Amino acid sequence: MKLIIAANWKMHKTAAETVSFCNSLKLREKEFSGVEVLLCPPYTALSAAAAALKGSAIKLGAQNMSWETEGAYTGEIAAPMLKEFGVTHVILGHSERRHIFGEADNVIRKKLEQALRFGLIPILCVGETGEQRSGGDTAAVLESQLRAALEGLDRESIAELIIAYEPVWAIGTGQAASPTDAADAASLVRSAAEKLLGGAMEGALRVQYGGSVNAGNIDGFVTLPPVNGALVGGASLAVDTFADLIKAAGEAAEC
Ligand code: PGA
């Protein structure tokens, strides 16, 4: 299965900084064999990124989205607005959305349905907090987040789905999960998702690991088959660091 490495820039980079990043990343694109690359800049940089990425295979994603199509929702961004810029993917239920902005499971579910309705590929984020992990609740938390997001969805409406396993305690802390823990969680995520959706998803479902991934540790994750890529925050902000990470992922997966 082709790896997918996605950059989640969070609230970083202006449009001008984005253009300069995209131009430099394109110069290194030939090094990215066997890896699909996705950039998720802030909304305000999507248009500039789309223009700068023209002619490249690097794809564009958004970090969030409204569950509504239009209307009186101050500050929200709708799926058709994203599609206008060639956005193909959308991150949903990131732990910062869940924990800082109070996004509940039912909201994430509505967003997921909206993404599918508009043909956007969802990157659904799930993951346990440090406290849940030490309480031995990781599996139960993952299963419950997945159930809320996926149960009863029409399998036929899902051409492609990405689930990012992102343990909250590993995000931005420099303390990544061990590759074997990430792989165990990724297997659990895949089998729980397939059960909820009523059958094997094979190439239609990829499971990423996210949380303090960098060019030095990516190989440990992507060489374990349950992990099909990574969602990268901090290490995606400097273009050479990110390009090194993508290259390392491709080389590790080839071995
Ligand atoms: P990090 O963030 O790579 O900085 O840990 C990952 C994420 O939040 O998706």
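Before any of the text, the structure's been laid out above.
Here we summarise the structure given alongside this text. (Residues numbered from 1 in each chain as written. Predicted model: local features only at pLDDT ≥ 70, side-chain atom pairs only at ≥ 80, totals over all residues. Heavy atoms only, no water.)

1. Observations regarding the site of the ligand
Then step 1. Around the ligand sit 13 residues, and of these Lys-10, His-94, Glu-166, Gly-172 and Ser-212 come closest.
Then step 2. Separating an oxygen atom of the ligand from a backbone N or O atom of Ser-212 is a distance of 2.7 Å.
Then step 3. Surface burial for the ligand is 96%, taken as the share of its 280 Å² of free accessible area covered by protein chains.
Then step 4. For the shell around the ligand, a count of residues per class yields four nonpolar, seven polar and two charged. (Near = heavy atom within 4 Å. Polar contact = N/O pair within 3.5 Å; in protein donor to acceptor, adjacent residues only side chain to side chain. Areas by Shrake-Rupley, 256 points an atom, 1.4 Å probe, with all protein chains shown as cover. Nonpolar A, V, L, I, M, F, W, Y, C, P; charged D, E, K, R; others polar.)

2. Some words on unusual backbone geometry
Then step 1. Here the phi dihedral of Lys-13 falls at roughly 85°; this positive angle occurs in a residue that is not glycine.
Then step 2. Tracing the sequence through the fold places Lys-13 in the loop between strand 1 (3-8) and helix 1 (15-27).
Then step 3. In this structure, Glu-202 is a non-glycine residue whose phi angle is positive, near 40°.
Then step 4. Judged by its relative accessible area of 58%, Glu-202 falls in the exposed class. (Helix = DSSP H or I, 4+ residues; strand = E, 2+ residues; numbered from the N terminus. Buried < 20%, exposed > 50% of the residue type's maximum accessible area, 1.4 Å probe, protein only.)

3. Overview of the pattern of salt bridges
Then step 1. Under the definition given, this model contains 14 salt bridges.
Then step 2. The salt bridge partner of Glu-103 is Arg-97, with a shortest N-O separation of 3.1 Å.
Then step 3. Given a relative accessible area of 24%, Arg-97 falls into the partly exposed group.
Then step 4. Two residues, Arg-109 and Glu-113, come together in a salt bridge whose shortest N-O distance is 2.6 Å. One end of the pair is Arg-109 and the other is Glu-113, both in helix 5 (residues 105-117) and four residues apart, which spans about a single turn.
Then step 5. What makes Arg-109 buried here is its relative accessible area of 17%.
Then step 6. Sharing partners across several salt bridges, the network here consists of Arg-28, Glu-31, Asp-240 and Asp-244. (Salt bridge = Lys/Arg side-chain N within 4 Å of Asp/Glu carboxyl O.)

4. Topic: helix 7 (residues 138-150)
Residues spaced three or four apart along an α-helix point in a common direction, a consequence of the helix completing one turn every 3.6 residues.
Then step 1. In a regular helix each residue adds 1.5 Å, so 13 residues correspond to 18 Å; helix 7 covers 18 Å between its end C-alpha atoms and thus fits that length.
Then step 2. Residues of helix 7 that are buried: Thr-138, Val-141, Leu-142, Gln-145, Leu-146, Ala-149 and Leu-150. The buried residues of helix 7 occupy an angular sector of 135° when the element is viewed end-on, so they sit on one face.
Then step 3. Where helix 7 terminates, the next one or two residues include Gly-152, which has phi positive at roughly 80°. (Expected span 1.5 Å × (residues − 1). Arc of directions from axis to C-beta.)

5. Quick look at the nonpolar core
Then step 1. With 71 residues, the main nonpolar core has Ile-5, Leu-25, Leu-39, Leu-150 and Phe-242 as its most contacted residues.
Then step 2. Per element, the largest residue contribution to this core is eight residues, and it comes from helix 10 (residues 239-254).
Then step 3. Non-local contacts of Leu-39, meaning those with residues more than four positions away in its chain, are made with Ala-7, Trp-9, Phe-21, Cys-22, Leu-25, Leu-53, Ile-58, Lys-59, Leu-60, Gly-61 and Phe-242.
Then step 4. Grouped together as the second largest cluster of nonpolar side chains are eleven residues, Ile-91, Ile-123, Ile-162 and Ala-164 included. (Core = buried A, V, L, I, M, F, W, Y, C linked by side-chain atoms within 4.5 Å. Contact = heavy atoms within 4.5 Å.)

6. As for the sheet that holds strand 4 (residues 89-92)
Then step 1. The strand order 1-2-3-4-5-6-7-8 describes a closed barrel built from eight strands, whose pairing is parallel. Shown here is a sheet whose adjacent strand axes are inclined to one another by a mean of 25°, direction ignored.
Then step 2. Examined bridge by bridge, strand 4 and strand 5 (residues 121-126) share four bridges and lie parallel to one another. Bridge assignment links Ile-91 to a residue of strand 5, and that residue is Ile-123.
Then step 3. Running over the sheet, helix 8 (residues 179-197) touches strand 5, strand 6 (161-165) and strand 7 (205-210) and is turned about 145° from strand 7.
Then step 4. In this fold helix 10 packs onto strand 1, strand 2 (35-40) and strand 8 (229-232), with an angle of close to 165° to the strand it touches most, strand 1. (Pairing = 2+ DSSP bridges. Axes fitted to C-alpha atoms, helices over the stretch in contact; angles between N-to-C directions.)

7. Overview of the side chain of Ser-212
Then step 1. Topologically, Ser-212 is positioned in the loop between strand 7 and helix 9 (218-222).
Then step 2. Polar contacts involving the side chain of Ser-212 include one to the main-chain amide nitrogen of Thr-173, which spans 3.4 Å.
Then step 3. Here Gly-174 takes part through its backbone nitrogen, which lies 2.8 Å from a polar atom of the side chain of Ser-212.
Then step 4. Apart from residues no more than four positions distant in its own chain, Ser-212 is found in contact with Ala-170, Gly-172, Thr-173, Gly-174, Gln-175, Ala-176 and Asn-217.

8. Re the pairing of strand 4
On a regular strand, each side chain points to the face opposite its neighbour's, so the side chains alternate between the two faces of the sheet.
Then step 1. Burial along strand 4 is two-sided: His-89 and Ile-91 and Val-90 and Leu-92, pointing in opposite directions, are all buried.
Then step 2. As paired strands, strand 3 (residues 59-62) and strand 4 are joined by two bridges and run parallel to one another. Bridging from a neighbouring strand, Gly-61 pairs with His-89 of strand 4.

9. Some details on the packing of aromatic side chains
Ring pairs (aromatic) are described by centroid distance and by the angle formed between their planes.
Then step 1. On inspection of all chains with the given rule, the structure shows four aromatic pairs.
Then step 2. Ring geometry for Tyr-165 against Tyr-209: centres 6.3 Å apart, planes inclined by 50°, an arrangement best described as tilted. Placement of Tyr-165 in strand 6 and of Tyr-209 in strand 7 is noted, with a sequence separation of 44 residues between them. Both residues of the pair, Tyr-165 and Tyr-209, belong to the buried class. (Phe/Tyr/Trp six-rings, centres within 6.5 Å; stacked < 30°, edge-to-face > 60°.)

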